[in-house]
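So the chains spell out like this:
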Amino acid sequence: MIYTLTGTHSTGKSTLLGKLKELYPNFHFNDSSTREVTSKEERRLDDISDDSQNRLFKAIEIKELELLQVSKILPTFMDRSFVDFTAYTLAFNKQGKISDTFAAMMQYECEKRLLLNQNDIIFYLPIEFDIVDDGIRSVDKELQRLVDTEIKGLLLNQTNTITLSGNIDERLKQISNCIGRQFTRLFRTFCKRPLTTLV
């Protein structure tokens, strides 16, 4: 099982993931593929190009394969997914930093992943908070809005997307209820199997 938190910057994903770690200590947590495979300097928005995004894409692909293997053993939570990466790529394309060709290629890659249902549940976090200036993320509200619009467009027809809202406790409750329902369904399906299939 792979659960993903997706949303533009400053929507509370990392804070929420930290609380989820306390709530689900037996789950595997990935604190963002992009953060794990890039330095702080590489995540700055000053030098965005097809080359920089392509390097990130290749690194994310490797991380995705690793997480798909881990998720066969442990339920996995991801802070950010390929949807986020693609939404930023499309937003950078609209700003003239990324070519149309590269943006189209990433949109195709994202749609392919969504069709394959690589994420069991995508928890979408809309913009509800002010941007926090941490010295790395953009404080550009227009970019934040543009990325959010791209995320909503990519997730438009996804039936496995749940929109979270409210404060941290309200969001945790929404996630816990969803996970509880999902595990209940899996358990019931498992219990209905004939004993011969369980051996």
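Everything below is about the structure printed above this text.
Reading guide: rules and limits
Residues numbered from 1 in each chain as written. Predicted model: local features only at pLDDT ≥ 70, side-chain atom pairs only at ≥ 80, totals over all residues. Heavy atoms only, no water. Core = buried A, V, L, I, M, F, W, Y, C linked by side-chain atoms within 4.5 Å. Buried < 20%, exposed > 50% of the residue type's maximum accessible area, 1.4 Å probe, protein only. Helix = DSSP H or I, 4+ residues; strand = E, 2+ residues; numbered from the N terminus. Contact = heavy atoms within 4.5 Å. Axes fitted to C-alpha atoms, helices over the stretch in contact; angles between N-to-C directions. Parallel < 35°, antiparallel > 145°, perpendicular 65-115°, else oblique. Left-handed = near helix turned anticlockwise from the far one by under 90°. Nonpolar A, V, L, I, M, F, W, Y, C, P; charged D, E, K, R; others polar. Polar contact = N/O pair within 3.5 Å; in protein donor to acceptor, adjacent residues only side chain to side chain. Pairing = 2+ DSSP bridges. Expected span 1.5 Å × (residues − 1). Arc of directions from axis to C-beta.

A. Structural view of the nonpolar core. Judged by nonpolar contacts, the single largest core of 26 residues is most densely connected at Phe 82, Val 83, Phe 85, Val 147, Ile 151 and Leu 155. Secondary structure elements with two or more residues in this core: helix H3 (50–70), helix H4 (82–94), helix H5 (100–115), strand S4 (121–124) and helix H6 (141–154). Look past the residues within four positions of Leu 155 in its chain and what remains in contact with it is Thr 6, Val 83, Leu 114, Ile 122, Tyr 124 and Thr 161. Residues Leu 17, Phe 27, Phe 123 and Leu 164 belong to the second largest nonpolar core, which totals 17 residues.

B. Expanded view of the packing of H4 against H6. Axis separation between H4 and H6 bottoms out at 8 Å; the angle between their running directions is 125°. Compared by their axis directions, H4 and H6 come out oblique. H4 and H6 meet at a crossing whose hand is right-handed. Listed contacts from H6 to Val 83, Asp 84, Thr 86, Ala 87, Tyr 88, Leu 90, Ala 91, Phe 92 and Lys 94 of H4 are Leu 143, Leu 146, Val 147, Glu 150, Ile 151 and Leu 154. Across the contact of H4 with H6, the residue classes tally to 11 nonpolar, 1 polar and 3 charged.

C. Quick look at the side chain of Asp 79. Relative to the elements of secondary structure, Asp 79 occurs in strand S3 (residues 76–79). Within the structure, Asp 79 has its side chain in polar contact with the side chain of Ser 14 (distance 2.9 Å).

D. Just the environment of Ser 81, in detail. Inspection of the secondary structure assignment puts Ser 81 in the loop between S3 and H4. For Ser 81, a relative accessible area of 10% gives the class buried. A C-alpha to C-alpha distance of 6.5 Å links Ser 81 and Thr 6, two positions 75 residues apart in sequence. Dropping the residues within four chain positions of it, Ser 81 is found in contact with Thr 4, Leu 5 and Thr 6. There is a polar contact of 3.1 Å between the side chain of Ser 81 and the backbone nitrogen of Val 83.

E. Summary view of the sheet that holds strand S5 (residues 161–163). The parallel open sheet is built from 5 strands, whose spatial order is S2-S3-S1-S4-S5. Sheet topology places strand S2 (28–30) and S5 at the edges, where each strand pairs with a single neighbour. Sheet twist, expressed as the average angle between the axes of neighbouring strands with direction ignored, equals 20°. The pairing of S2 with S3 spans 3 bridges and is classified as parallel. The partner of Asn 30 across the bridge, within S3, is Met 78.

F. Layout of H5. The end-to-end C-alpha distance of H5 is 22 Å, a good match for the 22 Å that 16 residues give at a rise of 1.5 Å each. For H5, the complete set of buried residues consists of Phe 102, Ala 103, Met 106, Glu 109, Cys 110, Arg 113 and Leu 114. Each buried residue of H5 sits inside an arc of 135° when the element is viewed along its axis, so together they form one side. Away from its buried face, by an angle of more than 90 degrees, H5 presents the exposed residues Asp 100, Thr 101, Tyr 108 and Leu 115. Turning to H5, the residues buried within the fold contact H3, H4, S4 and H6. In the stretch just after H5, Asn 117 is the one whose phi turns positive, near 50°.

G. Layout of unusual backbone geometry. Of note in the backbone geometry, Ser 10 takes a positive phi value of approximately 65° without being a glycine. Looking at the element boundaries, Ser 10 is found in the loop between strand S1 (2–6) and helix H1 (13–23). For Arg 80, which is not glycine, the phi torsion reads 90° and is therefore positive. With respect to the helices and strands, Arg 80 occurs in the loop between S3 and H4.

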